[in-house]
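Below, each chain spelled out in residue letters.
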Amino acid sequence: VFDEVFEWIQAKPKQCLPEEYEVMSMVAGALPGNALLHAEPFTSIVLNINVCTWIHQDCQDCEFCMVLAIGQFQGSSLVLMEPGLVLELREGDFVVF
């Protein structure tokens, strides 16, 4: 169902951040058991549906994270506490940090 989204997730970071993409691809390629990653170069993906998450910090990220807004919603923001940013995302917007 999400094949086109995963293809986009692979293409956009490779286009915009080629050096970081290569580092993350090496990490993903080193996973044991020849794991198939649908969202390479990312080694994990989280899909939140109709949920609001608590403030948290992903402590083992490699290089960068990407948030892609999917769906029609209102009244929600991506808040990055340390730099003090509040981002009002719309469907199709993505943020790399």
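- You'll find the protein entered in an unreviewed UniProt entry as JmjC domain-containing protein, with Pisolithus tinctorius Marx 270 given as the organism.

## Brief notes about the overall build of the protein
Next, step 1: Within the protein, the regular secondary structure consists of 2 helices and 4 strands.
Next, step 2: The order of α-helices and β-strands along the protein, N terminus first, is α-α-β-β-β-β.
Next, step 3: C-alpha atoms of the protein, sized along the principal axes, occupy 40 × 30 × 25 Å.
Next, step 4: Taken over 97 residues, the protein has a buried fraction of 20%.
Next, step 5: In the protein, of all internal contacts separated by at least 6 residues, the share reaching a separation of at least 24 is 49%.
Next, step 6: Accessible surface, the protein as shown: approximately 7,900 Å² in total, 54% of it carbon and sulfur.

## Digging into the nonpolar core
Next, step 1: Among the nonpolar cores identified, the biggest contains 7 residues, and these are Phe6, Ile9, Met24, Ala39, Phe42, Phe64 and Met66.
Next, step 2: Leaving out residues up to four positions away in the same chain, alanine 39 has contacts with Phe6, Ile9 and Ile45.
Next, step 3: Among the nonpolar cores identified, the runner-up in size contains 5 residues, and Ala69, Leu78, Leu80 and Leu89 belong to it.

## Observations regarding the packing of aromatic side chains
Next, step 1: Considering all chains together, one arrives at 1 aromatic pair under this definition.
Next, step 2: A centroid spacing of 4.9 Å and a plane angle of 85 degrees characterise the contact between tryptophan 8 and phenylalanine 94, whose relative ring orientation is edge-to-face. Residue tryptophan 8 is located in helix α1 (residues 3–16), and its partner phenylalanine 94 is located in strand β4 (residues 94–96); the two are separated by 86 residues in the primary sequence.
Next, step 3: With a relative accessible area of 28%, tryptophan 8 lands in the partly exposed category.

## Overview of the pattern of salt bridges
If charged atoms from side chains of opposite charge come close, those side chains can pair.
Next, step 1: The full count for this structure, using the stated rule, is 1 salt bridge.
Next, step 2: Across the pair aspartate 93 and arginine 90 runs a salt bridge whose closest N-O atoms are separated by 3.7 Å.
Next, step 3: Among the residues examined, arginine 90 registers a relative accessible area of 60% and is labelled exposed.

Conventions used here
- Residues numbered from 1 in each chain as written.
- Predicted model: local features only at pLDDT ≥ 70, side-chain atom pairs only at ≥ 80, totals over all residues.
- Heavy atoms only, no water.
- Helix = DSSP H or I, 4+ residues; strand = E, 2+ residues; numbered from the N terminus.
- Buried < 20%, exposed > 50% of the residue type's maximum accessible area, 1.4 Å probe, protein only.
- Contact = heavy atoms within 4.5 Å.
- Areas by Shrake-Rupley, 256 points an atom, 1.4 Å probe, with all protein chains shown as cover.
- Core = buried A, V, L, I, M, F, W, Y, C linked by side-chain atoms within 4.5 Å.
- Phe/Tyr/Trp six-rings, centres within 6.5 Å; stacked < 30°, edge-to-face > 60°.
- Salt bridge = Lys/Arg side-chain N within 4 Å of Asp/Glu carboxyl O.

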